[in-house]
Amino acid sequence: MAAQPVSRNKIAWWRRLPVVHQLRQSVGLQRGMLVVGLVITAFFLLVALFAPLIAPYRYNELRDENGLFGAQSPPSPEHLLGTTSGGYDVLSRVLWGAQTAFDVIVVAILLSFFVGVFLGLVSGYLGGWLDRVLVVIADAVYAFPSLLLAIVAAIVISGGQSSLWGGVLAAAISITAVFIPQYFRVIRAEAVRIKTEAFVESAKVVGASTFRVMFRHVLRNSTRTLPLIVTLNSSEAILTLAGLGFLGFGIEPTSAAEWGYDLNKSVSDVTSGIWWTSLFPGIAIVLVVLGVTLVGESLNDLADPRLRARRRAVAQTPADAVAASESTSLTGGTP
């Protein structure tokens, strides 16, 4: 009895998952960059989620059963990365700082994503005087220095410093003000292009409402580049948060751990030969930004069909072509 061909939808559904799909598209150095970025980013996410379990102390803890930790203590078995000038455990501050950064990134990206996408969709589809006003405002905000805009927003929102969730919201909203124009410009450009397509005109002819056309037809076809922007904005959000903390507009140390604040307090330690208070928060910032940036740049390259086709042509050998043709004949579809 001849074996029945296995349905392609049954054997390859997992290949369409976002991460798996991008990994299968990438080749060579591109795949290496994507894998390294995903590993670093996943490690950062795990640290942020499980910081309360893996951190030896709380972010604001100054003593244990043996007494005070002591300020600027070098690395030791009791404090693997030493202590800060304020007497906090460096390792605990670094681990809890990942959680603070994760919270700020999630809130900032969500706020800027929904606000920017909505305004861009309305502006691009409806046009008119509203479009001109929104474009002028977005261009003015986009041309403003991002860190300076975030500082001004932080001062207006919270006076510069505040509690954990107040500080997280203040920092997130400050970063949101910087990111909204980016989503606005991308979605508006796509909406202006797509609203003249035939399928949009057909939806209008059959009586679809403006709301349905905007969100069902235009928006669904305008979001292909948004994952790239979200990824790249995540690394920029980490740097903006660290910049706010380094300049003294971050979260109070008794409310949360923040890498930029710890770097600010360790500047004077470097000249005294106390290296551990600044080294490890700086490494954390560099590694997280590196991981997220590698993922974003890899996705950006993979989204370019010219680069993707060129890499596939270079990577495919005659043996690969034979294997691909055999796979096609077995599954009854394209490889």
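The sections below set out a description of the structure shown in this document. Note that this is a predicted model, so its numbers are computed, not measured. (Residues numbered from 1 in each chain as written. Predicted model: local features only at pLDDT ≥ 70, side-chain atom pairs only at ≥ 80, totals over all residues. Heavy atoms only, no water.)

1. Considerations on the overall build of the protein
Stated formally: Secondary structure elements are defined from DSSP: runs of H or I of at least 4 residues count as helices, runs of E of at least 2 residues count as strands, and each element is numbered from the N terminus. By the convention used here, residues are in contact when the closest approach between their heavy atoms is within 4.5 Å. Each accessible area is a Shrake-Rupley result for a 1.4 Å probe, and residues are judged covered by the shown protein chains and nothing else.
Tallying secondary structure elements over the protein gives 15 helices and two strands in all. In the protein, the proportion of contacts linking residues at least 24 apart, taken out of those at least 6 apart, comes to 73%. Accessible area of the protein: about 17,700 Å², with a carbon and sulfur share of 67%.

2. Focus on the nonpolar core
What counts is decided by this rule: By nonpolar core we mean a set of buried residues, namely Ala, Val, Leu, Ile, Met, Phe, Trp, Tyr and Cys, connected to one another through side-chain atoms within 4.5 Å. A 1.4 Å probe rolled over the protein chains alone gives each residue an accessible area, and that area as a share of the maximum for its type sets the label: buried under 20%, exposed over 50%, partly exposed in between.
Among the nonpolar cores identified, the biggest contains 58 residues, and V104, L121, I175, F179, V218 and W259 are the most heavily contacted of them. Only α3 (28–54), α4 (90–126), α7 (164–194), α8 (198–205), α9 (210–218), α10 (226–246), α11 (259–265) and α13 (276–302) provide two or more residues apiece to this core. In terms of residue count, the dominant contributor to this core is α4 (16 residues). Excluding its chain neighbours within four sequence positions, the residues that come into contact with W259 are F44, R93, V94, G97, A98, A101, P281, A284, I285 and V288.

3. Quick notes on the packing of aromatic side chains
Under the convention used in this document: Between rings of Phe, Tyr and Trp, where Trp is taken as its six-membered ring, a pair exists when centres lie within 6.5 Å; planes separated by under 30 degrees are stacked, by over 60 edge-to-face, and by other angles tilted. In our convention, an over-ring charge means Lys NZ or Arg CZ found within 6 Å of a ring centre and within 35 degrees of that ring's normal.
Applying the stated criterion to the full structure yields seven aromatic pairs. Taking the centre distance of 4.6 Å and the plane angle of 40 degrees together, the rings of F211 and F215 count as tilted. Taken together, the residues F211 and F215, both in helix α9 and four residues apart, mark about one turn of the helix. Through a chain of ring-to-ring contacts, the aromatic side chains of F113, F114 and Y183 assemble into a single cluster. Directly above the ring of Y88 sits R93, whose terminal nitrogen or CZ lies 5.2 Å from the centroid. Between R185 and the ring centre of Y142, over which it is positioned, the NZ or CZ distance is 4.4 Å.

4. Brief notes about empty space enclosed by the protein
The gaps of empty space that remain are located by a probe, the size of a water molecule, rolled over the atoms. Here is the rule we go by: Both cavities and pockets are sets of points on a 1 Å grid over the protein atoms alone; in a cavity a 1.4 Å probe fits but cannot get out, in a pocket the set is open with protein on both sides within 12 Å along at least five of seven lines, and lining residues sit with an atom within 4 Å of a point. Grid points are joined across faces, edges and corners, and a volume is the space filled by probe spheres set on the points. Under the convention adopted here, Pro, Cys and the residues Ala, Val, Leu, Ile, Met, Phe, Trp and Tyr are nonpolar, Asp, Glu, Lys and Arg are charged, and Gly plus all remaining residues are polar.
A full pass over the atoms with the stated rule returns two cavities of 30 Å³ or more. The computed volume of the second largest cavity comes to approximately 40 Å³. Residue lining of the second largest cavity: G97, T100, A101, I238, L241, A242, A257, E258, W259, G260 and I285, and that is the complete set. Where the lining of the second largest cavity is concerned, the elements lending two or more residues are α4, α10 and α11. Looking at the lining of the second largest cavity residue by residue, the class counts come to seven nonpolar, three polar and one charged.

5. Structural notes on helix α5 (residues 128–143)
How we decide: The length a helix should cover is 1.5 Å for every residue beyond the first. The arc refers to the directions leading from the helix axis to the C-beta atoms.
Across its 16 residues, α5 extends 23 Å between first and last C-alpha, which sits within 8% of the 22 Å expected from 1.5 Å per residue. Taken residue by residue, α5 has D131, L134 and A138 as its buried positions. In a view along the axis of α5, the buried residues occupy a sector of 70 degrees, so they form one face of it. Opposite the buried face of α5, at more than 90 degrees from it, the exposed residues are W129, R132, V136 and A143.

6. Structural notes on the side chain of T231
Within the fold, T231 resides in helix α10. Looking at T231, the relative accessible area reads 13%, which means it is buried. Beyond its immediate stretch of four places on either side in the chain, T231 contacts V292, V295, G296 and L299.

7. Describing the packing of α4 against α10
Helix-helix packing is characterised by the crossing angle of the two axes and by the distance between the axes. What counts, and what does not: Angular values range over 0 to 180 degrees, each being the angle between N-to-C directions of two axes fitted as lines to C-alpha atoms, with helices fitted over their stretch in contact. Comment on the angle field: the value is read as roughly parallel under 35 degrees, roughly antiparallel over 145, roughly perpendicular from 65 to 115, and oblique elsewhere. Helix crossings get a hand from a simple test, with the near helix turned counterclockwise from the far one by less than a right angle marking a left-handed crossing and a clockwise turn marking a right-handed one.
Following both chains from N to C, one finds α4 and α10 inclined at 130 degrees, their axes separated by 9 Å at the closest point. Taken together, α4 and α10 sit at an angle that is classed as oblique. Along this stretch, α4 crosses α10, giving a crossing that reads as right-handed. Here A101, V104, I105, I109, F113 and V117 of α4 lie close against α10, whose contacting residues are L226, V230, N233, S234, A237, I238 and L241. Split by residue class, the contact of α4 with α10 holds 11 nonpolar, two polar and no charged.

8. So, a nonpolar patch on the surface
Heads up, the condition is: Like charges within 9 Å and nonpolar side chains (Val, Leu, Ile, Met, Phe, Trp, Tyr) within 5 Å are joined into patches, using only residues over 30% in relative accessible area that form no salt bridge. Any Lys or Arg side-chain nitrogen found within 4 Å of a carboxyl oxygen on Asp or Glu counts as a salt bridge.
Taken together, L111, F144, L148, V152, V156, I157, L169 and I173 make up a surface patch of nonpolar side chains, about 670 Å² in accessible area. If one sorts the elements of the nonpolar patch by residue count, helix α6 (residues 146–158) sits on top with four residues. By secondary structure assignment, the location of V156 is in helix α6.

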